[in-house]
Amino acid sequence: MKKSLIATLALLALATPLNLVWAETGHDMSTMTTGTDTTIMLDAVQQDGVSAMAHLYDVSENMAKHGMKETHHMMVMFTDTKDGKPITSGAAAVKVADPATGVMSEPKKMMLMGDGFGTDVTVATPGTYTFEVGTKLADGKRRVFTFTHTKK
């Protein structure tokens with residue numbers, strides 16, 4: 001799992017628009033940081049033979065410098081529970097529930113990036129956020145993985 005996390009962090013540099021933000025600010029992609037260097041590990045969730053592990057990376061400083069509202073980069077890695085191998089094909093999208101109203105956002109497509117899927121999300125105000133990650137992975141089955149994070 002450590003190997004997957006390291007590969008995912010390395011591939012985070014390929015994320016758009018995050019890659020553009022770092023490139024425009026003159027950051028060296030091989031030694032990049034994620035804003036305040038804060039990584040939030042979310043609980044792993046299992047469903048129908050697939051384990052999903054999610055992380056939020058704080059990128060708020062770099063995004064704000066470019067007038068972007070997104071504050072975190074969300075990465076989700078899927079693993080086959082039978083053989084432990086990463087699942088790296090298919091599609092994923094995330095919807096985020098506003099902590100004040102509970103209203104879900106429109107789905108936002110997650111890009112395949114190495115061993116995981118990622119996109120930028122907004123986690124700005126205090127409260128409990130719910131992330132619903134809908135997938136149609138290589139086996140063609142639709143699954144929804146739910147993660148929560150409380151911002152203080």
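Residues numbered from 1 in each chain as written. Predicted model: local features only at pLDDT ≥ 70, side-chain atom pairs only at ≥ 80, totals over all residues. Heavy atoms only, no water.

### Some words on the side chain of threonine 119
Stated precisely, the cut-off is as follows: The numbering of helices and of strands both runs from the N terminus, where a helix is a DSSP run of H or I of at least 4 residues and a strand a run of E of at least 2. Residues count as neighbours in contact if any of their non-hydrogen atoms are within 4.5 Å of one another.
Tracing the chain through its elements places threonine 119 in strand β8 (residues 116-121). Each residue touching threonine 119, except ones within four places of it in the same chain, is listed here: His72, His73, Met74, Val94, Lys108, Lys109 and Met110.

### Describing the environment of glycine 102
The residue glycine 102 is located in the loop between β6 (90-97) and β7 (108-113) in this model. Sequence-wise, glycine 102 and threonine 130 are 28 residues apart; in three dimensions their C-alpha atoms are separated by 8.4 Å.

### Re the packing of aromatic side chains
Threshold: Aromatic pairing here means that ring centres of Phe, Tyr or Trp (its six-membered ring) are within 6.5 Å. Orientation follows from the plane angle: under 30 degrees is stacked, over 60 is edge-to-face, and everything else is tilted. For every residue, the accessible area obtained with a 1.4 Å probe (protein chains only) is divided by the maximum for its type, and the residue is called buried under 20%, exposed over 50%, and partly exposed between those limits.
Applying the stated criterion to the full structure yields three aromatic pairs. Aromatic pair phenylalanine 78 and phenylalanine 117: ring centres 5.6 Å apart, planes at 65°, arrangement edge-to-face. One end of the pair, phenylalanine 78, is in strand β4 (residues 72-80); the other, phenylalanine 117, is in strand β8, with 39 residues separating them in the sequence. The exposure class of phenylalanine 78 is buried, given its relative accessible area of 0%. Ring geometry for phenylalanine 78 and phenylalanine 145: centres 5.5 Å apart, planes at 45°, overall tilted. Here phenylalanine 78 is found in strand β4, whereas its partner phenylalanine 145 is found in strand β10 (residues 142-151), with 67 residues between them in sequence.

### What about the confidence of the model for the protein chain?
The criterion, for reference: pLDDT is a residue-level measure of predictor confidence that goes from 0 to 100.
Chain-level statistics for the protein chain give a pLDDT mean of 83 and a share of 76% at 70 or above. In this model residues 5-36 is a low-confidence stretch, pLDDT under 50, and it forms 59 contacts with partners more than four residues away in sequence or in other chains.

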